[in-house]
Amino acid sequence: MRYSEMFLPTGREIPSDAEIVSHRLMIRAGMIRKLTSGIYSYLPLGFRVIKKVEQIVREEMNRAGAQEVFLPAVQPAELWQESGRWQQYGKELLRFRDRQDRECCLGPTHEEVITDLVRNDVKTYRQLPRNLYQIQTKFRDEVRPRFGIMRCKEFSMKDAYSFDVDEKGAEISYEKMFEAYSRIFSRCGLKFRAVEADTGNIGGSFSHEFMVMADTGEDALVFCSSCDYAANVEKAEVARPEKKAVDESAFSPLEEIHTPDVRTIEEVCAFLDVTPQDVVKTLIFLVDDSPVAVLVRGDEEINEAKLRSYLGCDSLELATDDIIYEVTDSPRGFAGPINIKSRIVADYSFVNMTNCVVGANKEDYHIKNANIGRDFKVTEFADLRLIKETDSCPRCESPLRFARGIEVGHVFKLGTKYSKAMKATYLDKDGKEKYMVMGCYGIGIGRTAAASIEQNYDDNGIIWPVSIAPFQVMITPVNIKDEALLTTAEKLYQGLMDKGIEVILDDRDERAGVKFNDADLIGIPLRITVGPKRLAEGKVEVKIRKSGEVEVLSVDEAEKFIVDWVQAELKADG
Ligand code: 9G3
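To keep things clear, this report deals only with the structure shown in the data block. (Residues numbered from 1 in each chain as written. Predicted model: local features only at pLDDT ≥ 70, side-chain atom pairs only at ≥ 80, totals over all residues. Heavy atoms only, no water.)

### Focus on the overall build of the protein chain
- Of regular secondary structure, the protein chain possesses 14 helices and 31 strands.
- Projecting the C-alpha coordinates of the protein chain onto the three principal axes gives extents of approximately 95 × 65 × 50 Å.
- Among the 574 residues that make up the protein chain, the fraction classed as buried is 53%.
- At a minimum sequence separation of 6, the contacts of the protein chain that also span at least 24 residues come to 69%.
- By element, 50% of the accessible surface of the protein chain is carried by carbon and sulfur atoms, the whole surface being about 25800 Å².
- Mean positive and mean negative side-chain charge positions of the protein chain (78 and 96 charges, respectively) differ by 4 Å. (Helix = DSSP H or I, 4+ residues; strand = E, 2+ residues; numbered from the N terminus. Buried < 20%, exposed > 50% of the residue type's maximum accessible area, 1.4 Å probe, protein only. Contact = heavy atoms within 4.5 Å. Areas by Shrake-Rupley, 256 points an atom, 1.4 Å probe, with all protein chains shown as cover. Lys, Arg positive; Asp, Glu negative; His and termini not counted. Charge placed at Lys NZ, Arg CZ, Asp CG, Glu CD.)

Okay, here's the thing in structure tokens:
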């Protein structure tokens, strides 16, 4: 490809809404352009990277025995009503009516569509297992799209769905996908970790997220310093404290204290001269429209993803003031477990608390020396709090490390959630009708490319791994008016292309500095400089983008060096 013919608008200006490196660099490198909020166009350079990622995904999905299909983006509401998800999702699901006034949506994912496809044409165990995948545009009307294509509304996803006769089969499918994902992200040159994740609304029993380690990552992750435990903080279990014997003689008498306008933990600690560990935080939530009081020690935070999965609810939100009044006869800030008119659920952090401070469920009052059993009952304890740096590994008690990551893939065990709801059954060996056991597996194609930038860049721009680079080599004659330079550049260009190397020749009539800056910005792994001084000795310079090292070689040596280097890099990633 010749640079002068490419639609490749590189630039220095950074859009004001570009908060992270990959967003800034994808715009400056002429890879993407914003059409409207959360919706982007891929320009030729960006699209070449997308195609590289897709190619790796296809090779590894096919190797794992999955078969590629292509499903519609427009989905009929009926399928989502069958699965019960039509009501479950809010504005994020883009709904519309077609000309027959039928309700539809733009697919944010395809569990319903693929289950409908399979239930119509898979009837017996002999046709299972099956793993079907597609690479297709998804639409999710994000309330606050940001970070460029990292969190956008319309994006390309590889989504796969496995169908098995039973849990054992589904486990094998899950492991095959887990292995395929590891190969995909390795081949894309990414440093990644699979972490245990929350299954969220999707249901099903288990899931792993594939996280690319990057400080700008949206997800907080926790890792054990010695065993291989790794989890998204949202899901991370907290080691359960052992219950100490209760010494009731140590219970001090209840004391109601006037605490005018003292509401937050900090204010209570200051006013009563106690520490947050002595105070019980009573948070009132509205859980599927009924109030639940959640108790946690004053120095801890509630993890709403854990609370949601413990309660198994559809909707969970902090109660508004009127609900708080209904349940505690007082405004926000004085809620406590004594005589509260709601279900109580307590985090394990609370289990050994004695003589603690609680809200009095009376405006401007708190109570000291409250004790479980004597003053109020708690029948439900669960792991509901956010894990902290000071916590130890829930598997082996070793210290934990925290990091941030970008979710590029997510694999789920779905069980029979969709096959039951949509009657996707098969006849087993004994002719008995059984529900298929499913799994689903997603990879964000654009997000994988963006995550690669977050892990591979410097002050001059992107540093693409060879495996997903838009071109492998850039040839830069420093002055195209110099016949000798241009002839040598053209010779190298043809020679490398004949060897299957993906080359871009910078034939623009620009100053060398502009060309060098663009080559670094768009992140081409190798740059060959054809300049007068070196050429006078019959040499050219080959610069390796990621290390900065420069080799001075003859034209023939350069060709061989480049072919060997590219092959070696591709092998190293695989
Ligand atoms: C929706 C909307 C947004 C959604 C979903 C449904 C996320 C939804 C979870 C998944 C699970 C897996 C197959 C590929 C891998 C991920 N956001 N999820 O189900 F209606 Cl608006 O998509 N699906």
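### Re the site of the ligand
- Surveying the vicinity of the ligand reveals 17 residues, the closest of which are W80, R85, T109, E111 and R140.
- R85 has a polar side-chain atom sitting 2.7 Å from an oxygen atom of the ligand.
- In the model, an oxygen atom of the ligand is placed 2.9 Å from a nitrogen or oxygen of the R140 side chain.
- Notes on the ligand: free accessible area 500 Å², of which the protein chains cover 91%. (Near = heavy atom within 4 Å. Polar contact = N/O pair within 3.5 Å; in protein donor to acceptor, adjacent residues only side chain to side chain.)

### Thoughts on the environment of V279
- One can find V279 in the loop between α6 (265–272) and β14 (280–287).
- Given a relative accessible area of 2%, V279 falls into the buried group.
- Taking the C-alpha atoms as reference, V279 lies 9.1 Å from G359; in sequence the two are 80 residues apart.
- For V279, the contacting residues outside a window of four places in its chain are I265, V268, C269, V274, V296, R297, G298, M353 and V357.

### Notes on the nonpolar core
- Residues M31, Y181 and F185 are the most contacted members of the largest nonpolar core, which totals 64 residues.
- For this core, the element with the most residues is helix α2 (residues 44–63), which contributes 7 residues.
- Mapping this core onto the domain boundaries places at least three of its residues in each of domain 1 (16–237 + 401–454) and domain 3 (471–572).
- In this view, F185 contacts L190, F192, F210, V408, G409, I443 and T448; residues no more than four positions away in its chain are not counted.
- V478, I528, A558 and I562 belong to the second largest nonpolar core, which has 26 residues in total. (Core = buried A, V, L, I, M, F, W, Y, C linked by side-chain atoms within 4.5 Å. Domains from an automatic or database assignment.)

### Notes on unusual backbone geometry
- Note that the residue after L128, namely P129, is joined by a cis bond; omega there is 5°.
- Within the fold, P129 resides in the loop between α4 (111–121) and β7 (130–139).
- One non-glycine residue with positive phi stands out, namely D101, at about 65°.
- Assignment of secondary structure puts D101 in the loop between β5 (95–97) and β6 (103–106).
- We note that D364 has phi near 65°; this positive angle belongs to a residue other than glycine.

### Re α6
- All buried positions along α6 are accounted for by I265, V268, C269 and L272. Down the axis of α6, the sector holding all buried residues measures 100°, keeping them to one side. Opposite the packed face of α6, turned more than 90 degrees from it, sit the exposed residues E266 and A270.
- Buried-residue contacts for α6 involve β13 (255–258), β14, β18 (356–359) and β19 (365–370).
- The first or second residue beyond α6 is D273, which carries a positive phi of 55°. (Arc of directions from axis to C-beta.)

### Concerning the pattern of salt bridges
- Summed over the entire model, instances satisfying the criterion amount to 50 salt bridges.
- Put simply, D520 and K543 hold a salt bridge, and the shortest N to O gap is 3.8 Å. Of this pair, D520 sits in helix α12 (residues 512–522) while K543 is found in strand β30 (residues 539–544), placing the two residues 23 residues apart along the sequence.
- Since its relative accessible area comes to 9%, D520 is described here as buried.
- One salt-bridge network, held together by shared partners, links R297, D299, E300, R385, K388 and D391. (Salt bridge = Lys/Arg side-chain N within 4 Å of Asp/Glu carboxyl O.)

### Focus on the packing of aromatic side chains
- Applying the stated criterion across every chain yields a total of 9 aromatic pairs.
- Judged by centre distance (5.7 Å) and plane angle (35°), the ring pair of F185 and F210 falls under tilted. One end of the pair, F185, is in helix α5 (residues 167–187); the other, F210, is in strand β10 (residues 206–213), and 25 residues separate them in sequence.
- Of the residues examined, F210 reaches a relative accessible area of 0% and is grouped as buried. (Phe/Tyr/Trp six-rings, centres within 6.5 Å; stacked < 30°, edge-to-face > 60°.)

### A few points about the packing of α2 against α5
- Running from amino to carboxyl end, α2 crosses α5 at an angle of 155°, the nearest separation of the two axes being 9 Å. In terms of axis orientation, α2 runs roughly antiparallel to α5. Relative to α5, α2 is oriented so that their crossing is right-handed. Seen from α2, the contacting residues are I56, V57, E59, E60, M61 and R63; seen from α5, they are M177, A180, Y181, R183, I184 and R187.
- Residue composition of the contact of α2 with α5, grouped by class: 7 nonpolar, no polar and 5 charged. (Axes fitted to C-alpha atoms, helices over the stretch in contact; angles between N-to-C directions. Parallel < 35°, antiparallel > 145°, perpendicular 65-115°, else oblique. Left-handed = near helix turned anticlockwise from the far one by under 90°. Nonpolar A, V, L, I, M, F, W, Y, C, P; charged D, E, K, R; others polar.)

### Digging into the sheet that holds β30
- Taken in spatial order, the 5 strands line up as β28-β27-β29-β30-β31 in an open sheet, and their pairing is mixed. Looking at the sheet topology across the chains shown, the edges are occupied by β28 (503–505) and β31 (550–554). Strand-to-strand twist across the sheet, computed as the mean angle between neighbouring axes with direction ignored, equals 25°.
- Two elements, strand β27 (residues 473–477) and β28, share 3 bridges in a ladder whose sense is parallel. Following the sheet pairing, M474 is matched in β28 by I504.
- Here helix α14 (residues 555–573) sits on the sheet and contacts β27, β29 (526–530), β30 and β31; the angle it forms with β31, its principal contact strand, is near 130°. (Pairing = 2+ DSSP bridges.)

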